[in-house]
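Take a look at the letters that make up each chain.
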Amino acid sequence: MSQGGGATPAGGNPTALQATGGGVVFSKVFIQRDYSEGTSVKFHTRLPAELEGMIERHVFEATINRLNEFYAEAEEGSCGTYCEGCIGCITAYLIYMCSETHYEKTLRKISKFVASQNERIYNAKGLQLIDPTYRGLRVIEITIFDRPGRT
């Protein structure tokens, strides 16, 4: 589901935020979090109407599904993550000055994935996928650049 700058309530009609910057006209589409299965980080996979015809539905859904898988992996509790927490507690959390947590490592993987998707798919279509960590994991922002000749 897309939503522009808080213009409509969650579940309302999708809108896009439009702006002009440095002579380039662009609009932004926001993919909201999906809270249907709780508060874990998961985003809606539905293609917003603003992106129809710009990107194939299956490509968009594959990107969002992969992001959702990364976030599920980051939040997954395992023996390693519990040991990581215990070691952090024992060392008065000083260990985190020397090493990254499992969550931080996964966020780094997500940033690399978003960058590669932009290079391989989105930029060529006049789109820019913004890393959800820049928006506090609340939304996925997609910028649509209006290029000359596009209707």
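Per an unreviewed UniProt entry, the recorded name for the protein is Ras modification protein ERF4, and the organism is Drosophila mauritiana.

Draft legend 1. Representation of helix H1 (residues 57-75) in the model. An ideal rise of 1.5 Å per residue puts 27 Å on 19 residues; H1 measures up with 27 Å between its terminal C-alpha atoms. Here H1 has its buried residues at Val-59, Phe-60, Thr-63, Ile-64, Leu-67, Asn-68, Phe-70, Tyr-71 and Ala-74.

Draft legend 2. How the structure looks around unusual backbone geometry. The phi dihedral of Tyr-93 is positive, around 65 degrees, even though this residue is not glycine. Positionally, Tyr-93 belongs in the loop between helix H2 (79-90) and helix H3 (102-122). For Leu-137, which is not glycine, the phi torsion reads 60 degrees and is therefore positive. Along the chain, the position of Leu-137 falls in the loop between strand E3 (127-130) and strand E4 (139-145).

Draft legend 3. Looking closely at the packing of aromatic side chains. Going through the model one piece at a time under the given rule, you end up with four aromatic pairs. The side chain of Arg-66 reaches across the aromatic face of Phe-70, ending 3.9 Å from its centre.

Cut-offs and rules
- Residues numbered from 1 in each chain as written.
- Predicted model: local features only at pLDDT ≥ 70, side-chain atom pairs only at ≥ 80, totals over all residues.
- Heavy atoms only, no water.
- Helix = DSSP H or I, 4+ residues; strand = E, 2+ residues; numbered from the N terminus.
- Expected span 1.5 Å × (residues − 1).
- Buried < 20%, exposed > 50% of the residue type's maximum accessible area, 1.4 Å probe, protein only.
- Phe/Tyr/Trp six-rings, centres within 6.5 Å; stacked < 30°, edge-to-face > 60°.
- Lys NZ or Arg CZ within 6 Å of the ring centre and 35° of its normal.

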